[in-house]
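Chain residues, written in single-letter form:
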Amino acid sequence: MKRTILTAFVLAYCLASCQTQKEAPEQTQAQTQNQTPQQAQQQPTSADPEMTRFIDELMSKMTLDEKIGQLNLLAVGFDVTGPVVSQNVDENIRKGNVGGVFNTYTPVAARKLQEFAVNNTRLKIPLIFGYDVIHGHRTIFPIPLGLSTSWDMAAVESSARIAAEEASADGLNWVYSPMVDIARDPRWGRIAEGAGEDPYLGSEVAKAMVHGYQGQDLAASNTVMACVKHFALYGAGEAGRDYNSVDMSLNRMFNEYLPPYKAAIDAGVGSVMSSFNDINGVPATANKWLMTDLLRGKWGFDGFVVTDYTAINELMAHGLGDEATVGALALKAGIDMDMVGEVFLKHLPQLIQEGKVTEEDVNKACRRILEAKYKLGLFEDPYRYTDENRAKATLMKPEYRQAARQIAAKGMVLLKNEKQTLPLKKSGTIALIGPLAKNQRDMIGNWSGAGDWKQAVSLEQGIRNVAGNNVKIVYAKGANFTDDQQMIARLNAHGGELDIDKRSATAMIDEAVKAAQKADVIVAAVGESQGMTGEAASRSDIGLPGQQLALLKALKKTGKPLVIVLMNGRPLTLTWEDQNASAMLETWFAGTEAGNAIADVLFGNYNPSGKLTTTFPQVVGQIPLFYNHKSTGRPFAGDPLDKYKSRYMDVSNDPLYPFGYGLSYTSFSYAAPQLSKTAINPSETLQVSVVVRNTGNYDGEEVVQLYVQDVVGSITRPVKELKGFQKIALKKGETKTITFNISPDDLKFYNNDLEYVLEPGDFKVFVGTNSRDVKEAAFKVVE
Ligand code: NOJ
């Protein structure tokens, strides 16, 4: 691949400099500006007269080619996510052909490129610098799915705040996050990158992330512009296969899939990324209804839209026409910036001459991109995000690692704990077994940006740190993730760095069994390799891969207590594991501090409080399985001989673990919910109170969940929908009364004419510890 000198310099510098900073971070200065992200956003909007005047003046000086150049986003760096890396970067910058770059970071590399752009172009327009900062930048937090399971919005927001502190100190000002795609199909590898299956929780997470990244002032040197993605419905691809088609009713789209994107827009997100998939026959990247009528028209979004990687070019494979045709379609649809594909750059001049797009179309897109740069303060100071001293003082500060440890622990979900196997004693012998027991590479998960896995804490190290010398560890790997050579090659081709033990599966299992026989308890760290989740990592079988189940079965036969520690990026099918484990803890890929955080939970320094945000099916054939489904005309009521019901012959309709599920070392009791009224009018707010008591032996936290059912509607309505949650701390023996407000908005939905309505009638309200185990009450809305 041909690269020019400047690009080569940036690459070389990034590699060298990133390494140094990772190995020897200096933590000397406190960062400069403290944001209070909860405060209302005060970014300039398109209506800001000062910004409009500035951009009018700038655009009056720009040639058509320079305007088209702003629409072009190049990949310049050492990490690519698609088939193309931009070429001739310096030549293109010099010609004014580049609006922004991504994958370049470190203050020195970014400054070098920015200087080049500013000093070598006629109008000295600065570049915007983007990157996939998904769950942390240098300090890596749990994968987004494992953040969402904390149900702790302050924690989620603070992870994004820290990511923004680090990214902005590292030359970046634009992050491709949050990903808010609702996902109900765990075969899809990217379920790891979102907040799960629920629109209400997903919306709360979307808001928290946007606030965390953008803070109160986008022009501050420690905030970055967020980019909500993938607009839209990327998580609903048929059969869980990545990039696949989406065909969805408008009623489902508006009620179940669109709310988190809308929440990000309402929270002031600065940019939106188009998705790869088609929607009811029109790919998102060419979808005018989506990008213009809905996003800008109805939702009032005034930021800019960037495509996903080469998504305009891919419109050709979708069957929409040749390159010029799809370029015109994308611009006309409302796309502003072309990621890597260079279709706009190549074809817009000719398309304008032919009258297929207008200069006004280009002006609109160019203005939005310039506005983003203005909001980021780049015209005032193009080097705002390239302060080396700030980078040295900021990246991977001890307090960031500490926050990562706490947040990771909050997202872990205790799936089973028979006879109080957990917490473990800080004494005796532990047989620590499994491909993830000593592993560092996989701890930081997929899409771990500029994170360095060598800085990650393994489970073994975490146990030593937390339990100290009184615990003896006997280790055996027990199994590889997979012995399938093709899978290994594929994972390694994309940074998997799989450490494959060449011994036979039997030899490895035998060794593990021998280790287990010497121990008081087995801790089996099993799951997926990080590359088995994320982009282009769909799986048709979502059980533990390779010989890991065989390993667990052999370990079980030793009769020793079996604690399964799961690390994975999607719901797995775990029926045998559920029946046979003494305890099971879902830890996801927990980030830089994974090992410490897991050990904190295993040894009871932290009492687990995470709750699932995705349903875990019993078997893959139940997928899609989600809690907020509709009823059918023939719901199954439990009689096994009742044939003509909506059910399977070979498995029940129940999940293995329902949405919202997660145990604690203590226990909680719930009284019946009390309502402030049993009938309200359509503009009234209802109060629902519930008394929750900690009935166990530990202090603990509980996520109190509130669901609503609209019993009768003009269209079929879900059996229940999450409409509130509160994460509370209760001391051993303590009782608290928790109150929720159900507002008229919580009872509204989009009807088949896409009107957002509250239909008077009967409602049910459910309160409980998960979506299945609830207590209910009823009320009416009367006009
Ligand atoms: C493709 C992915 O779908 C998207 O999430 C990511 O932000 C871009 N590549 C850029 O890396």
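Residues numbered from 1 in each chain as written. Predicted model: local features only at pLDDT ≥ 70, side-chain atom pairs only at ≥ 80, totals over all residues. Heavy atoms only, no water.

Peer 1: Break down the packing of helix H18 (residues 459–467) against helix H23 (residues 594–602) for me, with residues and values.
Peer 2: The contact between H18 and H23 brings their axes to 7 Å, and the two run at 55 degrees. Relative to H23, the element H18 lies oblique. You can see that H18 and H23 cross each other, and the crossing is right-handed. Across the interface between the two elements, Leu459, Gly462, Ile463, Asn465 and Val466 from H18 touch Gly595, Asn596, Ile598, Ala599, Asp600 and Leu602 from H23. Of the residues in the contact of H18 with H23, the class split is six nonpolar, four polar and one charged. (Axes fitted to C-alpha atoms, helices over the stretch in contact; angles between N-to-C directions. Helix = DSSP H or I, 4+ residues; strand = E, 2+ residues; numbered from the N terminus. Parallel < 35°, antiparallel > 145°, perpendicular 65-115°, else oblique. Left-handed = near helix turned anticlockwise from the far one by under 90°. Contact = heavy atoms within 4.5 Å. Nonpolar A, V, L, I, M, F, W, Y, C, P; charged D, E, K, R; others polar.)

Peer 1: Which residues make up the site of the ligand, and what values go with them?
Peer 2: With respect to spatial proximity, 14 residues lie near the ligand, and among them Asp132, Arg190, Lys229, His230 and Asp308 are the closest. Taking lysine 229, its side chain carries an N or O atom lying 2.8 Å from an oxygen atom of the ligand. Within the contact set of the ligand, an oxygen atom lies 2.6 Å away from a side-chain nitrogen or oxygen of histidine 230. Here the ligand loses 100% of its free accessible area of 300 Å² to cover by the protein chains. Considering only residue class, the shell around the ligand consists of seven nonpolar, two polar and five charged. (Near = heavy atom within 4 Å. Polar contact = N/O pair within 3.5 Å; in protein donor to acceptor, adjacent residues only side chain to side chain. Areas by Shrake-Rupley, 256 points an atom, 1.4 Å probe, with all protein chains shown as cover.)

Peer 1: Outline the sheet that holds strand S19 (residues 679–680), supporting the account with residue identities and numerical values.
Peer 2: Read across the sheet, five strands follow the order S19-S27-S26-S21-S22 without closing on themselves; strand pairing throughout is mixed. Only two strands of the sheet have a single partner each, and these edge strands are S19 and strand S22 (721–730). Bridge count for S19 against strand S27 (residues 774–781) is two bridges, and the pairing is parallel. Note on S27: the bridge partner recorded for alanine 679 is lysine 780. (Pairing = 2+ DSSP bridges.)

Peer 1: Outline the nonpolar core, supporting the account with residue identities and numerical values.
Peer 2: Of all hydrophobic cores here, the largest spans 127 residues; its most connected members are Trp174, Tyr213, Phe231 and Leu258. The biggest single contributor to this core is helix H8 (residues 199–214), with seven residues. In this structure, Leu436, Leu491, Leu566 and Ile598 belong to the second largest nonpolar core, which totals 82 residues. (Core = buried A, V, L, I, M, F, W, Y, C linked by side-chain atoms within 4.5 Å. Buried < 20%, exposed > 50% of the residue type's maximum accessible area, 1.4 Å probe, protein only.)

Peer 1: Give me the lowdown on helix H2 (residues 49–61), citing residues and values where you can.
Peer 2: Taking 1.5 Å as the rise per residue, H2 with 13 residues should run 18 Å; its terminal C-alpha atoms sit 19 Å apart, in good agreement. For H2, the complete set of buried residues consists of Met51, Ile55, Leu58 and Met59. Down the axis of H2, the buried side of the element spans an arc of 95 degrees, and every buried residue falls inside it. Seen from the open side of H2, the exposed residues pointing more than 90 degrees away from its buried face are Pro49 and Ser60. In this structure, the buried side of H2 is in contact with helix H3 (64–70) and helix H15 (359–375). The N-terminus of H2 is capped by aspartate 48, whose side-chain oxygen sits 2.9 Å from the backbone nitrogen of glutamate 50. (Expected span 1.5 Å × (residues − 1). Arc of directions from axis to C-beta.)

Peer 1: Please give an account of the side chain of aspartate 336 that cites residues and values.
Peer 2: Relative to the assigned elements, aspartate 336 resides in the loop between helix H13 (323–333) and strand S10 (338–339). Side chain to side chain, aspartate 336 and arginine 368 meet in a polar contact 2.7 Å long. What aspartate 336 contacts, discounting residues up to four positions off in sequence, is Leu71, Arg296, Gly303, Phe304, Val305, Phe344, Ala365, Arg368 and Ile369.

Peer 1: Which residues make up the domain arrangement of the protein, and what are the values?
Peer 2: Taken domain by domain, the protein comprises domain 1 (412–613) and domain 2 (668–781). Just the C-alpha atoms count here: the centres of domain 1 and domain 2 sit 36 Å apart. Of the residues lining the interface, five residues belong to domain 1; the matching set on domain 2 comes to nine residues. Buried area between domain 1 and domain 2, both sides added, is near 600 Å², and the carbon and sulfur share of it is 40%. It is Asn607, Ser609 and Lys611 that lose the most area in domain 1 upon contact with domain 2, and together they represent 69% of the buried surface on that side. The closest approach of N and O atoms between lysine 611 and glutamate 702, which form a salt bridge, is 3.0 Å. Run the count over domain 1 and domain 2 and you get five residue pairs in polar contact (both at pLDDT 80 or more). The class makeup of the residues in the side of domain 1 that touches domain 2 is two nonpolar, two polar and one charged. (Domains from an automatic or database assignment. Buried area = accessible area lost by both parts, 1.4 Å probe. Salt bridge = Lys/Arg side-chain N within 4 Å of Asp/Glu carboxyl O.)

Peer 1: Kindly report on the sheet that holds strand S13 (residues 471–476), identifying the contributing residues and their values.
Peer 2: Taken together, the six strands give an open sheet; going across it, the order is S11-S16-S15-S14-S12-S13, and neighbouring strands pair in mixed fashion. The two strands at the open ends of the sheet, each matched to only one other strand, are strand S11 (413–417) and S13. Recorded for the sheet is a direction-independent mean angle of 20 degrees between the axes of neighbouring strands. Two elements, S11 and strand S16 (residues 583–586), share four bridges in a ladder whose sense is antiparallel. When the sheet's bridge partners are listed, lysine 416 is paired in S16 with methionine 584.

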